[in-house]
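# Breakdown of the fold
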Amino acid sequence: MDTSDSQIRFDDNGRCEYCENYYSNILPNWHADERGEREIMSQVEQIKKDGIGKDFDCLIGLSGGVDSSYLVYLAKEKFGLRPLLYHVDAGWNSQEAVNNIEKLVDGLGLDLYTEVVDWPEMRDLQLAFFKAGVPHLDTPQDHAFFAGLYNFAAKNKVKYILTGANYSTECVREPLEWHYHASDLMQLRDIHRKFGKRPLKKFPLAGILKFKLFYRFVKGVRVVKPLNSVPYRKEAAMQELVDRYGWQRYPHKHYESRFTRFYEGYWLRTRFGYDKRRAHFSSLILTGQLARDEALERIEKAPYSDEQVRQDFDYIATKLGIESAELQAMFEAPKHTYRDYRNIMPVMSLGAWVLRTLGIQRAIIR
């Protein structure tokens, strides 16, 4: 991490707050050992008990990426759970992601429910975020993913959602100026109201207060993060998926989506100067999965080739129904941040403070 995070702080020895937070706050409370195994197995037994007589005992959102893919394998083969796999198709799946999902479903003999987002509404919302000039262009896709998952769980009275969120590959969180909260429904609606043209009648929506409070305490939906309770090493996990199911690797984190590959690999990095690989690599460095010198060397290289950028640029424009020249004009337009639009950051900041005080949330989120 560097000063492309404008709020980053370093101590007198040059160590940044992300490292300090990891060693002081995350590591002492992260138990991916026998203690963690006992804790997760206790939860697993409760999930099984509560699932007796039901078609499935938990819900797992599957993107086709390594975290969710390995979680699915772990839940079925290691824990003996009966998950229903839930996938949101927002229109941007790479062929590798489609193949990986199919291989896991077939290889594990699990059922998959796919929610296909209404494309005209998805397209209109994504164009609104481009026109808003903000860095967090992936908000429409991210919001559809988690809102669809939580809404499905609440509607179908699913008590447990298993998520691939983990400290091993995500202990360094991306700064808010790089990627603002996709769960801020107020901001999503404000940007769409200003720049959108089509009402969002079918698009899955759920604000953070709804799924953090109403779904949790009224509907009884619980979130479980098994990858924090077992030894989880990204390279070993990917290789196991490759060996068992013929799973296909991606060049970088989140590249199972063609849009996210373009957004993170080109748009965000070249227009705003934010390279998310810094956060991704930093997590792997802190957890002993990547040498810092190697990470610095990889950061100096573009995530993918100029030719692929050109192809993706034209593909994104065509799929969004605009000319490449119009997309280029948006690239050159004035830049804005989440602060330029209505948001609920004061509420989120208070909530994050409470969670950190209670020891529930440990990663830095500003």
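Shown above is the structure to which this text applies.
Residues numbered from 1 in each chain as written. Predicted model: local features only at pLDDT ≥ 70, side-chain atom pairs only at ≥ 80, totals over all residues. Heavy atoms only, no water.

### Some thoughts on the overall build of the protein
- When its secondary structure is counted, the protein shows 15 helices and five strands.
- A compact globule built from 366 residues would reach a C-alpha radius of gyration of about 21 Å, and the protein, at 20 Å, matches this within 12%.
- Taking the principal axes of its C-alpha atoms as reference, the protein extends roughly 55 × 55 × 45 Å.
- Relative to its 366 residues, the protein shows a buried fraction of 51%.
- Taking contacts inside the protein between residues at least 6 apart in sequence as the whole, the part at least 24 apart equals 82%.
- Accessible area for the protein stands at about 17400 Å²; split by element, carbon and sulfur atoms hold 49% of it.
- Both charge centroids of the protein, one from 53 positive and one from 50 negative side chains, sit 6 Å from each other. (Helix = DSSP H or I, 4+ residues; strand = E, 2+ residues; numbered from the N terminus. Rg over C-alpha atoms; globule rule 2.2 N^0.38 Å. Buried < 20%, exposed > 50% of the residue type's maximum accessible area, 1.4 Å probe, protein only. Contact = heavy atoms within 4.5 Å. Areas by Shrake-Rupley, 256 points an atom, 1.4 Å probe, with all protein chains shown as cover. Lys, Arg positive; Asp, Glu negative; His and termini not counted. Charge placed at Lys NZ, Arg CZ, Asp CG, Glu CD.)

### So, helix 14 (residues 324-332)
- Here helix 14 has its buried residues at Leu327, Met330 and Phe331. Looking straight down helix 14, one finds its buried side chains confined to an arc of 105°; they lie on one side. Seen from the open side of helix 14, the exposed residues pointing more than 90 degrees away from its buried face are Ala325 and Glu332.
- Looking at the buried side of helix 14, the elements it contacts are helix 5 (119-132), helix 10 (258-272) and helix 13 (306-320). (Arc of directions from axis to C-beta.)

### Thoughts on the environment of Leu200
- Looking at the element boundaries, Leu200 is found in the loop between helix 7 (185-195) and helix 8 (208-218).
- When the C-alpha positions of Leu200 and Pro226 are compared, they lie 34 Å apart, and in sequence the two are 26 residues distant.
- If sequence neighbours within four positions are ignored, Leu200 has contacts with Glu121, Leu125, Leu188 and His192.

### Some words on the sheet that holds strand 4 (residues 160-162)
- On the basis of which strands lie adjacent, the open sheet formed by five strands has the order 3-2-1-4-5 and parallel pairing. Here the strands that pair on one side only, and so sit at the sheet edges, are strand 3 (112-116) and strand 5 (222-224). If you compare each strand with its neighbour and ignore which way they point, the axes differ by 30° on average.
- Inspection of the sheet shows strand 2 (residues 83-89) paired to strand 3 by five bridges, in the parallel sense. (Pairing = 2+ DSSP bridges. Axes fitted to C-alpha atoms, helices over the stretch in contact; angles between N-to-C directions.)

### Overview of the pattern of salt bridges
- Going through the model one piece at a time under the given rule, you end up with 19 salt bridges.
- Asp57 is paired through a salt bridge with Arg82; the nearest N and O atoms lie 3.9 Å apart. Of this pair, Asp57 sits in the loop between helix 2 (34-50) and strand 1 (58-61) while Arg82 is found in the loop between helix 3 (66-78) and strand 2, placing the two residues 25 residues apart along the sequence.
- Taking the relative accessible area as the measure of exposure, Asp57 reaches 7% and is therefore buried.
- The exposure class assigned to Arg82 is partly exposed, which follows from its relative accessible area of 33%. (Salt bridge = Lys/Arg side-chain N within 4 Å of Asp/Glu carboxyl O.)

### As for the environment of Phe214
- Assignment of secondary structure puts Phe214 in helix 8.
- Between the C-alpha atom of Phe214 and that of Ala154, which follows or precedes it by 60 residues, the distance is 9.6 Å.

### Some details on the nonpolar core
- Judged by nonpolar contacts, the single largest core of 74 residues is most densely connected at Leu59, Phe130, Phe262, Tyr266, Trp267 and Leu327.
- With eight residues, the single largest contributor to this core is helix 6 (residues 139-155).
- Those residues in contact with Phe130 that sit more than four places away from it in its chain are Leu137, Phe259, Trp267, Leu320, Leu327 and Met330.
- Membership of the second largest hydrophobic core comes to 35 residues, among which are Cys58, Ile101, Leu110 and Tyr250. (Core = buried A, V, L, I, M, F, W, Y, C linked by side-chain atoms within 4.5 Å.)

### With respect to the packing of helix 11 (residues 277-286) against helix 12 (residues 292-299)
- Their axes nearest at 10 Å, the elements helix 11 and helix 12 cross at an angle of 165°. One way to sum up the angle between helix 11 and helix 12 is to call them roughly antiparallel. By crossing handedness, the relation of helix 11 to helix 12 is classed as right-handed. Contact residues: helix 11 offers Arg277, Arg278, Phe281 and Ile285, while helix 12 offers Arg292, Ala295, Arg298 and Ile299.
- Grouping the amino acids of the contact of helix 11 with helix 12 by side-chain chemistry returns four nonpolar, no polar and four charged. (Parallel < 35°, antiparallel > 145°, perpendicular 65-115°, else oblique. Left-handed = near helix turned anticlockwise from the far one by under 90°. Nonpolar A, V, L, I, M, F, W, Y, C, P; charged D, E, K, R; others polar.)

### So, a nonpolar patch on the surface
- Side chains of Leu209, Leu213, Phe214, Phe217, Val218 and Val347 sit close together on the surface and give an oily, nonpolar patch of about 600 Å² of accessible area.
- For the nonpolar patch, the element with the most residues is helix 8, which contributes five residues.
- Along the chain, Val347 falls in helix 15 (residues 345-357).
- Take Val347: its relative accessible area is 44%, and that puts it in the partly exposed class. (Patch = residues over 30% accessible without salt bridge, like charges linked within 9 Å, V, L, I, M, F, W, Y side chains within 5 Å.)

### Examining the side chain of Glu177
- With respect to the element layout, Glu177 can be found in the loop between strand 4 and helix 7.
- Among the polar contacts listed, one links the side chain of Glu177 to the backbone nitrogen of Ser6, at a separation of 2.6 Å.
- Apart from residues no more than four positions distant in its own chain, Glu177 is found in contact with Ser4, Asp5, Ser6, Gln7, Pro135 and Tyr274. (Polar contact = N/O pair within 3.5 Å; in protein donor to acceptor, adjacent residues only side chain to side chain.)

### With respect to the packing of aromatic side chains
- Tallied over the full model, the rule gives 28 aromatic pairs.
- Between Trp267 and Phe331, the aromatic rings sit 5.2 Å apart at their centres with planes inclined by 90°, giving edge-to-face as the arrangement. Taken together, the residues Trp267 in helix 10 and Phe331 in helix 14 connect sequence positions 64 residues apart. Assigned by exposure class, Trp267 and Phe331 land together as buried.
- An aromatic cluster of at least three residues, connected via ring pairs, comprises Trp92, Trp119, Phe130, Phe259, Phe262, Tyr263, Tyr266, Trp267, Phe313, Tyr315 and Phe331. (Phe/Tyr/Trp six-rings, centres within 6.5 Å; stacked < 30°, edge-to-face > 60°.)

Take it as geometry only, folks, not as evidence of what the structure does.
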